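# Summary of structural features
This is what each chain is made of:
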Amino acid sequence: FRFKDSLAEDLQSADLVISHAGAGSCLETLEKGKPLIVVINDKLMDNHQLELARQLHRDGYVLYCNCSTLVETLQSMDLSALKPFPPGQPEKFASFLDKVFELQ
Amino acid sequence: TGGHTTEILRLLSCLSESYSPRHYVLADSDKMSEAKICSFEQKRAETFSKSQFTLDRIPRSREVRQSWISSVVTTLYSILYSLPLTYKRKPDLILCNGPGTCVPVCLSAFLLGLLRIKRTIIVYVESICRVETLSLSGKILYYFSDYFVVQWPDLKKKYPKSVYLGRIV
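Presented here is a report on the structure given in the accompanying data block. (Residues numbered from 1 in each chain as written. Chains lettered and ligands numbered in written order. Predicted model: local features only at pLDDT ≥ 70, side-chain atom pairs only at ≥ 80, totals over all residues. Heavy atoms only, no water.)

Below, the discussion takes up the interface of chain A and chain B. Each partner contributes to the interface: chain A provides 27 residues, whereas chain B provides 27 residues. It is Glu51, Phe93 and Phe96 of chain A in chain A that bury the most area against chain B; as a group they hold 26% of the surface buried on that side. Our enumeration of links across chain A and chain B arrives at 4 salt bridges. With a closest N to O distance of 3.2 Å, Arg58 of chain A and Glu132 of chain B form a salt bridge. Counting the contacts that link chain A with chain B gives 10 residue pairs in polar contact (both at pLDDT 80 or more). (Contact = heavy atoms within 4.5 Å. Buried area = accessible area lost by both parts, 1.4 Å probe. Salt bridge = Lys/Arg side-chain N within 4 Å of Asp/Glu carboxyl O. Polar contact = N/O pair within 3.5 Å; in protein donor to acceptor, adjacent residues only side chain to side chain.)

Shown next, in the form of structure tokens:
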């Protein structure tokens, strides 16, 4: 399983995803509408990576725990409390650029 | 590289054909982005038949966790390397989102602007991963870009000259 090209298929068939805090993993999972528990590695504390996971948790999109609290999180989780993740809006960026170049 | 490429292709997804031809600049050590870009452009060509793009590679300006002093040297080298490329392409717009690769390209364009050779508009979009702090590229290019876009409100507060459009990728 080490380095598959894409986890898309596995993600599609999953009911729950437990992942590290990497942005790519989090966003890909949320975009597929799958419930996500983000596990923070206390020993590998890369603060930059935590920023997004923390924000997603604050906004109610993911559950959040560390290695030692994973089991109790799994036991007490309420996945229905998670909010659906709205997609990003690249069209806003296109509009913005068009205004910069006066293309509208 | 990886995440940056995915993000930037999403940024490009809604742009009209006025933003053409597109010149992609990659780090020489980047193995995966070329495939993603070609696939994006192929799809695009299905809708916009006259769509054009090019791909150039430059030496990577900084490895992850490279020391500060050697980073300055390698970045200077990358700027020198980028100058002829930027001069050749003379872009109207440079769009970048944070990999170390973008700093020398933007600085070389900034230089060409100072020398009145070509005025390029530099638009920097900080990665969606950056919620509370800017990346190193962001901290540098905040001062050199014409438009600096952030995707989270905390950053807009800390960097008031930035543009906040919400999540755009």
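Next up on the list: the sheet that holds strand E5 (residues 147–150) of chain B. Spatially, 4 strands are ordered E3-E4-E5-E6 (chain B) in an open sheet, and the strand pairing comes out parallel. Two strands in the sheet have a free side with no partner beyond their single neighbour: strand E3 (93–96) and strand E6 (163–164) of chain B. Bridge analysis of E5 of chain B against E6 of chain B gives 2 bridges, and the strand direction is parallel. What sits directly across from Val149 of chain B, in E6 of chain B, is Val163 of chain B. Docked against the sheet, helix H5 (residues 90–100) of chain A engages E3, strand E4 (121–125), E5 and E6 of chain B, running at close to 160° with respect to E4 of chain B. Of the strands in this sheet, E3 and E4 of chain B touch helix H4 (residues 102–114) of chain B, which is tilted by about 160° from E3 of chain B. (Pairing = 2+ DSSP bridges. Helix = DSSP H or I, 4+ residues; strand = E, 2+ residues; numbered from the N terminus. Axes fitted to C-alpha atoms, helices over the stretch in contact; angles between N-to-C directions.)

Tallied over the full model, the rule gives 11 aromatic pairs over all chains. A ring pair is formed by Tyr61 of chain A and Phe85 of chain A, whose centres lie 5.1 Å apart and whose planes are at 90°; its orientation type is edge-to-face. Of this pair, Tyr61 of chain A sits in the loop between helix H3 (47–58) and strand E3 (63–66) while Phe85 of chain A sits in the loop between helix H4 (70–76) and H5, placing them 24 residues apart in sequence. Taken as a pair, Tyr61 of chain A and Phe85 of chain A share a single burial class, namely buried. Aromatic side chains Tyr124 of chain B and Phe148 of chain B sit 4.9 Å apart centroid to centroid with 10° between the ring planes, which places their arrangement in the stacked category. With Tyr124 of chain B in strand E4 and Phe148 of chain B in strand E5, this pair connects stretches of sequence that are 24 residues apart. Assigned by exposure class, Tyr124 of chain B and Phe148 of chain B land together as buried. (Phe/Tyr/Trp six-rings, centres within 6.5 Å; stacked < 30°, edge-to-face > 60°. Buried < 20%, exposed > 50% of the residue type's maximum accessible area, 1.4 Å probe, protein only.)

Residues and elements named next belong to chain B. A cluster of nonpolar side chains, Tyr87, Phe110, Leu111, Leu114, Leu115 and Ile117, forms an exposed patch at the surface whose accessible area comes to about 560 Å². The element contributing the most residues to the nonpolar patch is H4, with 3 residues. Structurally, Tyr87 is set in helix H3 (residues 68–89). (Patch = residues over 30% accessible without salt bridge, like charges linked within 9 Å, V, L, I, M, F, W, Y side chains within 5 Å. Areas by Shrake-Rupley, 256 points an atom, 1.4 Å probe, with all protein chains shown as cover.)

Right, let's talk about the sheet that holds strand E1 (residues 17–19) of chain A for a bit. Residue and element names in this part refer to chain A. If you trace the 3 strands from one edge of the open sheet to the other, you get E1-E2-E3, paired in parallel fashion. Every other strand in the sheet has two partners, leaving E1 and E3 as the edge strands with one partner each. Within the sheet, the average angular offset between the axes of one strand and its neighbour, ignoring direction, is 25°. The pairing of strand E2 (residues 36–40) with E3 spans 4 bridges and is parallel. Counterpart to Val39 in the pairing with E3 is Cys65. Against the sheet, helix H2 (residues 23–31) contacts E1 and E2, and its axis sits at roughly 170° relative to E2.

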